[in-house]
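Examination of the molecular architecture
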Amino acid sequence: MPYPSTFPPLEIPSGIDLWTLLLGHTHRDFPVTKEILTCGETGRSYSWADLRSASIEFGKGLKALWEWKKGDVLAFYTPNSIDTPILTLGALWAGGIVSPANPLYTVDELAFQLSDSGARGLVTQPRNLPTAIAAAQKANLPLDRIILVGPRRDPSGRTRHFSSVRSTSYTASRHHHHVQARIADPQTDLAFLVYSSGTTGLPKGVGLTHHNMVANVLQASYVEGSQWRSRGGADGQGDSQLGVLPFFHIYGLTCGVLMSVYEGWRLVVLERFDLHKALAAIERYRITFAYVPPPIVLAFGKHPAVDGYDLSSLKVLHSGAAPLTRELTEAVWNRLHVPVKQGFGLSETSAVVCCQVVDEWGKFMGSVGKLMPNMEAKIVSEDGKEVVEGESGELWLKGPNVFPGYFKNPERTKEAFSSDGFFKTGDVFRRDKHGNFYCVDRLKELIKYNGYPVPPAELEGVLIGHKEVADACVIGIEDQANATEVPLAYVVLREGVDASDGKAQELTEWVASQVAPHKKLRGGIRFVDQVPKSPSGKVLRRVMREQAKKEQRA
Ligand code: ATP
Ligand code: MG
């Protein structure tokens, strides 16, 4: 029998679109003049009411300018900014689909997303403009379909500034008390077309309906929002969160942008993660919580710069997107007295699947928490049968936040769902009798040593727990003589520690003393300057696997 959520079921309205959920009704639990989007560098802010009216103006502008239709895709190629949520919500208001791209993409990568999504417009910023233009040309998107955000305009005049799209709508009525978003069917119409992180291969286009997104905002609000609310904000100012996660990725999009608009939290936006800027923003804006990936938790736990700032406003950190170890959670607690609670999610589930309740963070450390309301989970073995409670297997999911399928890819979609309609996550999980879930690793990345599964994430966690280790990436390599795979670790040493003779040996032996015999680092240790990571904070083991193959051939 599938495990139902241990939370009571929520009522999730089926006929409401995302724009209407977030901005449709002006009666909120907070004053609508409250500032909810603040630029961490300049302090420039938008209130909830500003965001609402600006998004409608932008949506109207799109309709007037390009006869924007339901289902038209607006792509984004920008770092985080307080302006992009206006355009995102404006495009949704006008019935469009938003497809955000990684702002570090190359011409070819961006052109792929523009073509694959069939984008009819592209939002970018001046610094990204040359790449955006080249990609638009490649994807046959006319240059006047490029919209710039930020203070500067394009001197060549080939592209448009977003304020000019907004002002196109000024001729229309500016009183929008009863405006309805232009959505036909929240159950089938897509709101977002996000691309998965590409951790295991090429990024996949993941279509998320309005209903998927509405459900996940309400699910996360019930489990997460209530916890922050009950704890109150700093200095009576209400809660504010640090917006460092990339908004193009589902985690930053849902938990950062959408949750803030729904809950009325101030989101202090940073273009990208920079430790000093993040710490300074926490101090200056008395930030109460942040959703972050493990590399940022690592910085909070281990980086010397953290001691130079007043972080007393910080009440909780939430970690997701990649594995987090117990040691790191403890390191942050011992240093800052801030609980780190973990969550788990995927692009395919509109973000949040599981999260820890804040009062249980210390009790079930290492767990990714409990299943969101209205979800069902199965943990299955290779033959598709459910395993005994406590044993590991692949996590399968059902729920209102689970996507309908990969974009224009029925074959892949078919492979991703079981015959009884569960989405197969590709992640190995176990569940305890209290309903806590534990993420072991990705099914495809488990190393098989003589038939025994070795989760690289566990070995990375053990290594990062060593006082001389700053970071680690573990992969499986072929051991031809013994016809098996063995784990090899790429290790970044902490500043001031030398990769002296014997250091690799010493660390290998230390790991061996911490783990079961089949998990020893039989492939050895190699020292590197850094471990490749995606902007969403995931270790890119496939990059190191390719490097190892090259080294083996050489
Ligand atoms: P791709 O599917 O393109 O290879 P991806 O799976 O990394 O990339 P995302 O949808 O961004 O793309 O990430 C979802 C994955 O992130 C999950 O399947 C899981 O492997 C990992 N993940 C998320 N949260 C956690 C967590 N708390 N602990 C361990 N892994 C996590
Ligand atoms: Mg994936």
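Residues numbered from 1 in each chain as written. Chains lettered and ligands numbered in written order. Predicted model: local features only at pLDDT ≥ 70, side-chain atom pairs only at ≥ 80, totals over all residues. Heavy atoms only, no water.

Residues in close proximity to ligand 1 total 22 residues, the closest being Ser 196, Thr 199, Thr 200, His 249 and Asp 427. No other element matches the 5 residues that strand 15 (residues 340–346) contributes to the shell around ligand 1. Broken down by class, the residue content of the shell around ligand 1 amounts to 7 nonpolar, 10 polar and 5 charged. (Near = heavy atom within 4 Å. Helix = DSSP H or I, 4+ residues; strand = E, 2+ residues; numbered from the N terminus. Nonpolar A, V, L, I, M, F, W, Y, C, P; charged D, E, K, R; others polar.)

For Glu 67, which is not glycine, the phi dihedral falls at a positive 50°. Within the element layout of this structure, Glu 67 appears in the loop between helix 2 (48–66) and strand 4 (73–77). One non-glycine residue, Asn 140, lies in positive phi territory at about 60°. Tracing the backbone shows Asn 140 in the loop between helix 5 (129–138) and strand 7 (146–148).

All right, on to empty space enclosed by the protein then. One pass over the structure, following the stated rule, counts 3 cavities of 30 Å³ or more. Roughly 200 Å³ of internal volume is contained in the largest cavity. What lines the largest cavity is a set of 17 residues, and nearest its centre among them are Pro 294, Pro 323, Glu 460, Ile 464 and Val 539. Those elements that place two or more of their residues in the lining of the largest cavity are helix 10 (294–302), helix 13 (456–464) and strand 25 (469–479). Considering each element in turn, the lining of the largest cavity owes the most residues, 4 residues, to helix 13. (1 Å grid on protein atoms, 1.4 Å probe; cavity = no way out; pocket = protein on both sides within 12 Å on 5 of 7 lines; lining within 4 Å. Points joined across faces, edges and corners; volume = space filled by probe spheres on them.)

Ring pairs (aromatic) are described by centroid distance and by the angle formed between their planes. Taken as a whole and judged by the stated rule, the model has 15 aromatic pairs. Note on Tyr 3 and Phe 437: the rings are 6.4 Å apart at their centroids and 85° apart in plane angle, and the pair reads as edge-to-face. One end of the pair, Tyr 3, is in strand 1 (residues 3–4); the other, Phe 437, is in strand 22 (residues 437–442), with 434 residues separating them in the sequence. Summarising the burial analysis for this pair, Tyr 3 and Phe 437 share the class buried. A centroid spacing of 5.9 Å and a plane angle of 50° characterise the contact between Phe 417 and Phe 423, whose relative ring orientation is tilted. With respect to burial, Phe 417 and Phe 423 carry one shared label: buried. Against the face of Tyr 438 rests Arg 430, its NZ or CZ located 4.3 Å from the ring centre. Taking NZ or CZ as reference, Arg 431 lies 4.0 Å from the ring centre of Tyr 3, over its face. (Phe/Tyr/Trp six-rings, centres within 6.5 Å; stacked < 30°, edge-to-face > 60°. Buried < 20%, exposed > 50% of the residue type's maximum accessible area, 1.4 Å probe, protein only. Lys NZ or Arg CZ within 6 Å of the ring centre and 35° of its normal.)

Strands sit in the order 1-18-19-21-22 across an open sheet of 5 strands; the sheet is antiparallel. Lying at the two open borders of the sheet, with one neighbouring strand each, are strand 1 and strand 22. Both strand 21 (residues 423–431) and strand 22 contribute to a ladder of 5 bridges, which runs antiparallel. Pairing of Asp 427 across the sheet is with Arg 442, part of strand 22. (Pairing = 2+ DSSP bridges.)

Attention now goes to the confidence of the model for the protein. Looking at the protein as a whole, the pLDDT averages 92, with 95% of positions reaching at least 70. Note that pLDDT drops below 50 for residues 172–178; the model gives that stretch 8 contacts with residues more than four away or on any other chain. Counting contacts from residues 232–236, a segment whose pLDDT is below 50, to residues more than four positions away or on other chains yields 11 contacts. Interface confidence in the predicted complex, given as ipTM, is 0.99; pTM for the same model is 0.93. (pLDDT = per-residue confidence, 0-100. Contact = heavy atoms within 4.5 Å.)

Moving on, we get to the layout of surface pockets. Here the second largest pocket defines a volume of roughly 810 Å³. Taken together, 39 residues make up the lining of the second largest pocket; nearest its centre are Pro 246, Arg 272, Phe 273, Ser 534 and Pro 535. Of all elements in the fold, only strand 4, helix 3 (84–93), strand 5 (97–100), helix 8 (250–263), helix 10 and strand 25 reach the threshold of two or more residues within the lining of the second largest pocket. A per-element tally of the lining of the second largest pocket places helix 3 first, with 3 residues. Tallied by class, the residues present in the lining of the second largest pocket amount to 26 nonpolar, 8 polar and 5 charged.

Turning next to the pattern of salt bridges. Oppositely charged side chains are able to pair whenever their charged atoms sit close together. In the structure shown here, the tally under the stated rule is 26 salt bridges. Close ionic contact of Arg 326 with Glu 330 constitutes a salt bridge, the shortest N to O distance being 3.6 Å. On the criterion of helical spacing, the pair formed by Arg 326 and Glu 330 is a turn pair, its members being 4 residues apart in helix 11 (residues 326–336). The structure contains a network of salt bridges with shared partners spanning Asp 441, Glu 445, Glu 460, Arg 541 and Arg 545. (Salt bridge = Lys/Arg side-chain N within 4 Å of Asp/Glu carboxyl O.)

Turning next to the nonpolar core. Note on soluble globular proteins: their nonpolar side chains tend to be buried together. One finds Leu 18 and Phe 192 to be the most contacted residues of the largest nonpolar core, which totals 90 residues. Here the element with the most residues in this core is helix 8; it accounts for 8 residues. Not counting the four nearest positions on each side in its chain, Phe 192 is found in contact with Leu 18, Thr 88, Leu 92, Ile 97, Val 98, Val 206, Gly 207, Leu 208, Met 213, Leu 253 and Leu 258. Judged by nonpolar contacts, the second largest core, of 58 residues, contains Ala 281, Ile 296, Leu 488 and Leu 507. (Core = buried A, V, L, I, M, F, W, Y, C linked by side-chain atoms within 4.5 Å.)

Attention shifts here to the packing of helix 4 (residues 107–117) against helix 5. At a closest axis distance of 8 Å, the pairing of helix 4 and helix 5 adopts a crossing angle of 50°. As the angle between them shows, helix 4 and helix 5 are arranged oblique. Read as a crossing pair, helix 4 and helix 5 show a hand that is right-handed. Residue-level contacts link Val 107, Asp 108, Leu 110, Ala 111 and Leu 114 of helix 4 to Thr 131, Ala 132, Ala 134, Ala 135, Ala 136 and Lys 138 of helix 5. Residue composition of the contact of helix 4 with helix 5, grouped by class: 8 nonpolar, 1 polar and 2 charged. (Axes fitted to C-alpha atoms, helices over the stretch in contact; angles between N-to-C directions. Parallel < 35°, antiparallel > 145°, perpendicular 65-115°, else oblique. Left-handed = near helix turned anticlockwise from the far one by under 90°.)

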